[in-house]
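# An overview of the molecular structure
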Amino acid sequence: MVAEAEAELDQISAPDNDGLAVLALRVAVLQERCEWPALRAAHGEFVRGAPAEAAAWVTWAYAARRAESLAAAELILLDAERLHSAEPTIQFNLGCYACQRGALAEARRRVDRAIALDKKFATVAATDPDLAPLRAFEQTDCQPRP
């Protein structure tokens, strides 16, 4: 049904096709198709129009990670953090990115913050592949140092 949704979106004429609602649907189609570069661009546009949507920042970063790099995704979420400091998903993902960079103390701090904001992240942290280096380090009875 993705092709049908895209065809319907293409039939929306100006100026109605420039709204955030239409863009949100286009973003959903791009995400379903795993078209990361296009999704990254579209989500950037969406976030500029709706910066209060924390989930949009997370998806934008997700697309940037796949289209470009982990560093590009991290920059997006660092900007998002300024507006959404209490959003657990942003904290968790920043923890994952820190872990992948080898900044284990920062990763632990961010993951702990995400868990404090939403307990479900304790379960997610136990299996998330991005956090494997942190789990392995902590199993050696060492603690990440600031």
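The notes below deal with the structure included here.

## Describing the overall build of the protein chain
- Within the protein chain, the secondary structure is distributed over nine helices and zero strands.
- Starting at the N terminus and ending at the C terminus, the protein chain contains elements arranged as α-α-α-α-α-α-α-α-α.
- Expressed as a percentage of the 146 residues in the protein chain, the buried residues total 38%.
- Excluding contacts between residues fewer than 6 apart, the proportion of contacts in the protein chain whose partners are at least 24 apart in sequence is 49%.

## Re the side chain of Arg110
- Within the element layout of this structure, Arg110 appears in helix α7 (residues 104-117).
- For Arg110, a relative accessible area of 6% gives the class buried.
- In this structure the side chain of Arg110 is engaged in a polar contact, spanning 3.1 Å, whose partner is the side chain of Gln91.

## Points about the nonpolar core
- Residues Leu77, Ile90, Phe92, Tyr97 and Leu131 are the most contacted members of the largest nonpolar core, which totals 38 residues.
- Per element, the largest residue contribution to this core is eight residues, and it comes from helix α4 (residues 54-67).
- In contact with Leu77, other than residues within four places in its own chain, are Trp57, Val58, Ala61, Ile90, Asn93, Leu94 and Tyr97.

## Re the environment of Gln91
- With respect to the helices and strands, Gln91 occurs in helix α6 (residues 88-101).
- A residue is classified by how much of its surface remains accessible, and Gln91, at 3% relative accessible area, is buried.
- Along the sequence, Gln91 and Arg113 sit 22 residues apart, while their C-alpha atoms lie 6.7 Å from each other.
- Apart from residues no more than four positions distant in its own chain, Gln91 is found in contact with Glu81, Ser85, Arg110, Arg113, Ala114 and Leu117.

## Some details on the packing of helix α5 (residues 70-83) against α6
- For the pair α5 and α6, interaxial distance at closest approach is 10 Å and the crossing angle is 145 degrees. Two packed elements cross with a definite hand, and for α5 against α6 that hand is left-handed. Within the contact between the two elements, α5 uses Leu70, Ala73, Glu74, Leu77, Leu78, Ala80 and Glu81 and α6 uses Ile90, Gln91, Asn93, Leu94, Tyr97, Ala98, Gln100 and Arg101.
- Here the contact of α5 with α6 is composed, by residue class, of nine nonpolar, three polar and three charged.

## Observations concerning the pattern of salt bridges
- Taken as a whole and assessed by the stated rule, the structure comprises nine salt bridges.
- One salt bridge in this structure joins Arg110 and Glu106, with 3.1 Å as the shortest N-O distance. Here Glu106 and Arg110 lie together in helix α7, a separation of four residues that amounts to about one turn.
- Each of Glu74, Glu81, Arg101, Glu106 and Arg110 takes part in a single network of salt bridges with overlapping partners.

## Structural notes on the packing of aromatic side chains
- Enumeration over the complete set of coordinates arrives at three aromatic pairs.
- A ring pair is formed by Trp36 and Tyr62, whose centres lie 5.3 Å apart and whose planes are at 75 degrees; its orientation type is edge-to-face. Residue Trp36 is found in helix α3 (residues 36-49), and its partner Tyr62 is found in helix α4; the two are separated by 26 residues along the sequence.
- Plain terms: the ring middles of Trp57 and Trp60 are 5.7 Å apart, the flat faces sit at 50 degrees to each other, and that makes the pair tilted. Here Trp60 and Trp57 lie together in helix α4, a separation of three residues that amounts to about one turn. Just as Trp57 is buried, Trp60 falls in that class too.

The rules we used
- Residues numbered from 1 in each chain as written.
- Predicted model: local features only at pLDDT ≥ 70, side-chain atom pairs only at ≥ 80, totals over all residues.
- Heavy atoms only, no water.
- Helix = DSSP H or I, 4+ residues; strand = E, 2+ residues; numbered from the N terminus.
- Buried < 20%, exposed > 50% of the residue type's maximum accessible area, 1.4 Å probe, protein only.
- Contact = heavy atoms within 4.5 Å.
- Polar contact = N/O pair within 3.5 Å; in protein donor to acceptor, adjacent residues only side chain to side chain.
- Core = buried A, V, L, I, M, F, W, Y, C linked by side-chain atoms within 4.5 Å.
- Axes fitted to C-alpha atoms, helices over the stretch in contact; angles between N-to-C directions.
- Left-handed = near helix turned anticlockwise from the far one by under 90°.
- Nonpolar A, V, L, I, M, F, W, Y, C, P; charged D, E, K, R; others polar.
- Salt bridge = Lys/Arg side-chain N within 4 Å of Asp/Glu carboxyl O.
- Phe/Tyr/Trp six-rings, centres within 6.5 Å; stacked < 30°, edge-to-face > 60°.

What is shown is where atoms sit, not what they do.
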